[in-house]
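# Residue-level structure breakdown
Now for the letters of each chain:
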Amino acid sequence: PGAADGLLDTAAALAGGRGALARFAGIASVVLVALVVLVWKLGKSSAPSNKTAKKKEKKAQKATQPKGNGDAPNGAAQVTAEAPAKEKADEPIPLKKQKKKETAEELAAKKAEQERRKKQSREAIQANSKGAATSTKPQQNFEKKMAVEKAKVQEEEQVAMFRKAQERMKKKDAAPTQLSGGRFALLED
């Protein structure tokens, strides 16, 4: 620490005092930051990406090509026709799905299939409606059985309650098994 202070004092004396040293350090840090930023910016490639370059190239080609709208001579029209052909050779051509023209036989077969499905659907609906009418009877039978079972359960519960009540009554009427009334039996009057 002592040697470092001595060096700082020496640098300050040469620079013109401690305030000058602080200014020098501030300027040096600004220059250092500027150099780092400059190197960072120059280190990056300033060229556009390949995709952007291709777009710009196509745009430039379109701008330089004369438009073949009938006003130009035949030679100009041929140049514009050749340029798209070259571009198309470079890029794959997307295939479009072509609609298949149906023959009369295919149309008739399709119609017959539709009619068969309609008929089958109608038959299924009718069968379901008939089945629904017959399915109400089992439901009614089930409800009747449940009512009978419920009545039986209620009757059994009432019989059990009656028996319990009878047992309680017998216990009240039964003679006491103890002959003495306890310790204070004599005091009861």
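These figures come from a predicted structure and were not determined experimentally. (Residues numbered from 1 in each chain as written. Predicted model: local features only at pLDDT ≥ 70, side-chain atom pairs only at ≥ 80, totals over all residues. Heavy atoms only, no water.)

This paragraph deals with the overall build of the protein chain. Counting its secondary structure elements, the protein chain contains five helices and zero strands. Each helix (α) and strand (β) of the protein chain, taken in turn from the N terminus, gives the series α-α-α-α-α. Expressed as a percentage of its 189 residues, the buried residues of the protein chain come to 3%. By element, 60% of the accessible surface of the protein chain is carried by carbon and sulfur atoms, the whole surface being about 18500 Å². (Helix = DSSP H or I, 4+ residues; strand = E, 2+ residues; numbered from the N terminus. Buried < 20%, exposed > 50% of the residue type's maximum accessible area, 1.4 Å probe, protein only. Areas by Shrake-Rupley, 256 points an atom, 1.4 Å probe, with all protein chains shown as cover.)

Together, E149, E155, E156 and E157 make up a region of like negative charge exposed at the surface. Its location among the elements puts E156 in helix 5 (residues 104-173). Of the residues examined, E156 reaches a relative accessible area of 58% and is grouped as exposed. (Patch = residues over 30% accessible without salt bridge, like charges linked within 9 Å, V, L, I, M, F, W, Y side chains within 5 Å. Salt bridge = Lys/Arg side-chain N within 4 Å of Asp/Glu carboxyl O. Lys, Arg positive; Asp, Glu negative; His and termini not counted. Charge placed at Lys NZ, Arg CZ, Asp CG, Glu CD.)

Moving on, we get to the pattern of salt bridges. Under the criterion given, the structure shown has two salt bridges. In this structure, the salt-bridge partner of R116 is E113, at a minimum N-O distance of 2.5 Å. Here the residue R116 and the residue E113 both occupy positions in helix 5, the gap between them amounting to three residues, near one helical turn. For R116, a relative accessible area of 44% corresponds to the partly exposed category. For E113, a relative accessible area of 30% corresponds to the partly exposed category. Of the charged contacts in the structure, one is a salt bridge between R117 and E113, with a shortest N-O distance of 3.2 Å. Pair noted here: R117 and E113 are both in helix 5, with a separation of four residues, about one helical turn. Residue class for R117 comes out exposed when judged on its relative accessible area of 54%. Residues joined by salt bridges that share partners form a network here, namely E113, R116 and R117.

A rise of 1.5 Å per residue sets the reference length of helix 3 (residues 50-64), with its 15 residues, at 21 Å; its end C-alpha atoms lie 21 Å apart and thus fit the reference within 8%. Counting buried positions over the 15 residues of helix 3 gives zero, only a small fraction of the element. (Expected span 1.5 Å × (residues − 1).)

Chain-level pLDDT for the protein chain is 76 on average; 61% of the residues reach the 70-or-more range. Across the protein chain, the secondary-structure element scoring lowest on mean pLDDT is helix 4 (residues 74-90), at 55, and the one scoring highest is helix 5, at 88. (pLDDT = per-residue confidence, 0-100.)

Moving on, we get to a nonpolar patch on the surface. The grouping of I27, V31, L35, L38 and L42 at the surface amounts to a nonpolar patch, some 510 Å² of accessible area in total. By secondary structure assignment, the location of I27 is in helix 2 (residues 18-43).

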